[in-house]
Amino acid sequence: MKKVVILGAGYAGVLTAKKLAKQVKKRKLEDIEITIVDRNPFHTMLTELHEVAAQRVEEDSIRISLQRVFAGRKVNVVQDTITEMDFERQTITGASGALPYDYLVLSSGSKPTFYGTPGAEEFSFTLWSYDDAIRLREHVMDMFRAAGAETDPEKKRELLTFYVVGLGFTGVEMMGELAELAPFLCDRFEIDPALVTMVDVDMLEKACTVMPDRLGAKVVRRLEKMGVQVRFKTNIKGVGADYIEFDRNQGKGLEREKTHTVIWTAGVEGSSAAQASKDLGAAGRGRIQTDEFLRAQNYKNVYVGGDNIYFVPEGEKAPVAQMVEVAEASADTIAHNLMTDLTKTGEKEKFAPKFHGVMVCVGGRYGVAYVGTVNHKLALASFFAMFTKHFMNVIYFVKVLGWHKVYSYLRHEFFTVRNKRSFVGGHFSNRGPSFFGVPLRMFLGAFWLYEAIKKMTEGWMIGPRLADSINGASAFFHNAIAGAQGAAAAAAPAVTAAADATASATSGAAAGGGGAAAAVPVLLNWNLWLVHPILTGGGSASEVAFQLKVPVINWFLNLFLPSNTMQMIMQITIVLLEVLIGAALIGGLFTTPAGIGSFALQMMFVTTTGLYMDTWWMVFASIAVLCGAGRVFSLDYYVQPWLKKHWSRTKLARKSYLYHD
């Protein structure tokens, strides 16, 4: 049995394990055992920590259970803190004992670096783990709560002074979220916003240095617009329990300001595990020197991923950045090269990451991005930058936990967001009580039952009627179009003969379809390539109709409608669906599938018989009951929790992530 151990369940570790397990299964290799080890039982979204720290999303939104990620996959999950690594004996050891390996993947991530600043490690808050985010969130709340009860103005100002050290991505995002949160906390604790001081400092001369200068300037302007003081060329000299010391006069003198909150985001270095692995080939700031295949310099059965990598790609001058995109790319390379080692087949691939850009958010409503291909990138701001950021997150979640995490992410970022802290404001938030939709749900269900009973009384269950219904509707729209064309032709003397011919055709069509339709005005008639929308208008609701002709559907109808047997099958199916959808909506059982079915039937009608104004409301009612209206005063209140509980335990659901909490 060949043992592969992956140390660290960060971005690189999780993706390496998933990709390797997929290849092992695909090749039906039974003699390979994969184990992933982490001190936490979950994968943390490090790029979203600031959202939890500033109370924009719930804490569970940045946690992804490792057991769920690897459910149904041959990956052992071990929760342990590794304290010793023996590369000669090929073992790693923690509180649970020793784990032997044939191949080791070191992807233990990174940690904040304090550059020897006195008191920084002891008294400042970091933002580099799930625990950091929770601790900082509670501290910020404590500061505002204490300030609300404080009567001394100076003490109040001291409690409400917040420093962020670093104007890189993490520092900007944390300060942006904090500046967005502060007004709401001031309102909650009845605090004058003028008492709040927020300062973001950095030794450098600009923000977000890996971005073009113009985007960094946009970030600074946004922070300042939110009430943040941005200070460049400021060197932090010390941090205490209730103060921060800095020099912004190039050595002319120190300044000290009272504060209980210093958030340190000024840089990172290799994790403790990486720094303890000097035998592998130590490099700058606790990283591990690798070859072009991401193998450690001194041990070729040890691969290095994510933030632990120190490697200068061909044609580059600097080592790869400690960024998520690099971590994801390293997972591809490591998984491929491990398979060549394990199977002794194929060629190893060199690590050549493609840099597609960076994004930074300044609160939940604004961001900037520099994204595109390797050689051509676009600068984006505001809505487009935020959309890109959320889109890329969704792509990552599809890789890690499929639908389960995508649903959770959308719910936290859009559907339950409060105080409009989103780039789409609060427009998607579920603000209204869901029981208000119950009457609409039940009325829609009753109408479907009425439609089914009406069709039964018209003989749909005993004889073919569908062809006549569709042909009658086609004649209505045909006559309306022909009538409109005839009127236009009659208005042009130069085409009198054509007008006579059109009128004759119209008269014949009217005779076949009832005659009255020719007088109905046509408001829309666009004969496009794939679709042909038609909208008629008139004095009554039955004359205001919409049809969407689709060539594929017309071909299908022409193929099957001449058969009475096929007509009966389709008629009975339609009636039964109407009965089932109606009953489900009235009782609130499987409301979401019933709403989808209701909408689908309406779309089927709009492409065949057309929809008339007196039933248009059903389309929008179907959309309205998709989510929410089935959760109260319904059978779903009892059935859905039971189904979710048992479905999520099935092998199919766990493996494909087709469930949500």
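Given the structure is predicted, the values throughout are model-derived calculations rather than measurements.

Help me understand the pairing of strand E25 (residues 377-381) in this model?
Successive residues of a regular strand alternate their side chains across the two faces of the sheet. Bridge count between strand E24 (residues 367-372) and E25: five bridges; the pairing is antiparallel. Its bridge partner being in E25, Val 368 is matched across the sheet by Ala 381. Hairpin connection from E24 to E25: four residues lie between these consecutive antiparallel strands.

Would you mind going over the nonpolar core with me for this structure?
Proteins that are soluble and globular tend to have nonpolar side chains buried together. Counting 114 residues, the largest nonpolar core has Phe 144, Met 198, Val 219 and Leu 223 as the members making the most contacts within it. Membership of the second largest hydrophobic core comes to 25 residues, among which are Trp 448, Leu 466, Val 575 and Phe 605.

Which parts of the structure should I look at to understand the side chain of Thr 16?
Following the sequence through the fold, Thr 16 ends up in helix H1 (residues 11-26). When neighbours within four sequence positions are excluded, Thr 16 is seen to be in contact with Ile 6, Ala 331, Ile 334 and Ala 335.

How do you make sense of the pattern of salt bridges when you look at a structure like this?
Close approach of charged atoms allows side chains with opposite charge to pair. The full count for this structure, using the stated rule, is 26 salt bridges. For Lys 19, the salt bridge goes to Asp 332, with nearest N and O atoms at 2.8 Å. Here Asp 332 lies in helix H10 (residues 324-343) and Lys 19 lies in helix H1, a separation of 313 residues in the sequence. Relative accessible area serves as the criterion here: at 38%, Asp 332 is assigned to the partly exposed category. Across the pair Arg 89 and Asp 86 runs a salt bridge, and its minimum N-O distance is 3.9 Å.

Got a minute to help me understand a positive patch on the surface in this structure?
A surface patch of like charges, here positive, comprises Lys 25, Lys 651, Arg 654 and Lys 655. Considering each element in turn, the positive patch owes the most residues, three residues, to helix H20 (residues 651-656). Of note, Lys 25 is situated in helix H1.

Please explain a nonpolar patch on the surface as it appears in this structure.
On the surface, Phe 383, Phe 384, Phe 387, Phe 391, Met 392 and Ile 395 cluster together to form a nonpolar patch covering roughly 620 Å² of accessible area. Positionally, Phe 391 belongs in helix H11 (residues 383-415). The class for Phe 391 is partly exposed, based on a relative accessible area of 45%.

Help me out: how do you make sense of the side chain of Thr 290 in this one?
In this structure, Thr 290 sits in the loop between strand E20 (288-289) and strand E21 (302-304). Taking relative accessible area as the criterion, Thr 290 reaches 6% and is therefore assigned buried. Setting aside anything within four residues of it in sequence, one finds Thr 290 in contact with Arg 295, Val 304, Ile 309, Tyr 310 and Phe 311.

What is the right way to read the packing of aromatic side chains from this model?
A complete count under the given rule lists 25 aromatic pairs for this structure. Between Phe 383 and Phe 384, the aromatic rings sit 5.7 Å apart at their centres with planes inclined by 90°, giving edge-to-face as the arrangement. Its relative accessible area of 41% is what places Phe 383 among the partly exposed residues. Ring geometry for Phe 414 against Phe 423: centres 6.0 Å apart, planes inclined by 70°, an arrangement best described as edge-to-face. Phe 423 carries the same exposure label as Phe 414, and that label is buried. Taken together, Phe 383, Phe 384, Phe 387, Phe 391, Phe 414 and Phe 423 form an aromatic cluster joined through their ring pairs. The ring of Phe 397 has Lys 405 sitting right over it, with the charged end atom 5.2 Å from the ring centre. Over the ring of Trp 460 we find Lys 455, and its NZ or CZ is 5.4 Å from the ring centre.

Just checking my understanding: could you explain the confidence of the model for the protein chain for this structure?
Caution applies to low-pLDDT parts of the model: their predicted coordinates are not meant to be read in detail. Of the residues in the protein chain, 94% have a pLDDT of 70 or more, and the chain-wide mean is 90. Within the model, pLDDT remains below 50 along residues 492-518, and this stretch shows 21 contacts once partners closer than five positions in the same chain are excluded.

Reading guide: rules and limits
- Residues numbered from 1 in each chain as written.
- Predicted model: local features only at pLDDT ≥ 70, side-chain atom pairs only at ≥ 80, totals over all residues.
- Heavy atoms only, no water.
- Pairing = 2+ DSSP bridges.
- Helix = DSSP H or I, 4+ residues; strand = E, 2+ residues; numbered from the N terminus.
- Core = buried A, V, L, I, M, F, W, Y, C linked by side-chain atoms within 4.5 Å.
- Buried < 20%, exposed > 50% of the residue type's maximum accessible area, 1.4 Å probe, protein only.
- Contact = heavy atoms within 4.5 Å.
- Salt bridge = Lys/Arg side-chain N within 4 Å of Asp/Glu carboxyl O.
- Patch = residues over 30% accessible without salt bridge, like charges linked within 9 Å, V, L, I, M, F, W, Y side chains within 5 Å.
- Areas by Shrake-Rupley, 256 points an atom, 1.4 Å probe, with all protein chains shown as cover.
- Lys, Arg positive; Asp, Glu negative; His and termini not counted.
- Charge placed at Lys NZ, Arg CZ, Asp CG, Glu CD.
- Phe/Tyr/Trp six-rings, centres within 6.5 Å; stacked < 30°, edge-to-face > 60°.
- Lys NZ or Arg CZ within 6 Å of the ring centre and 35° of its normal.
- pLDDT = per-residue confidence, 0-100.

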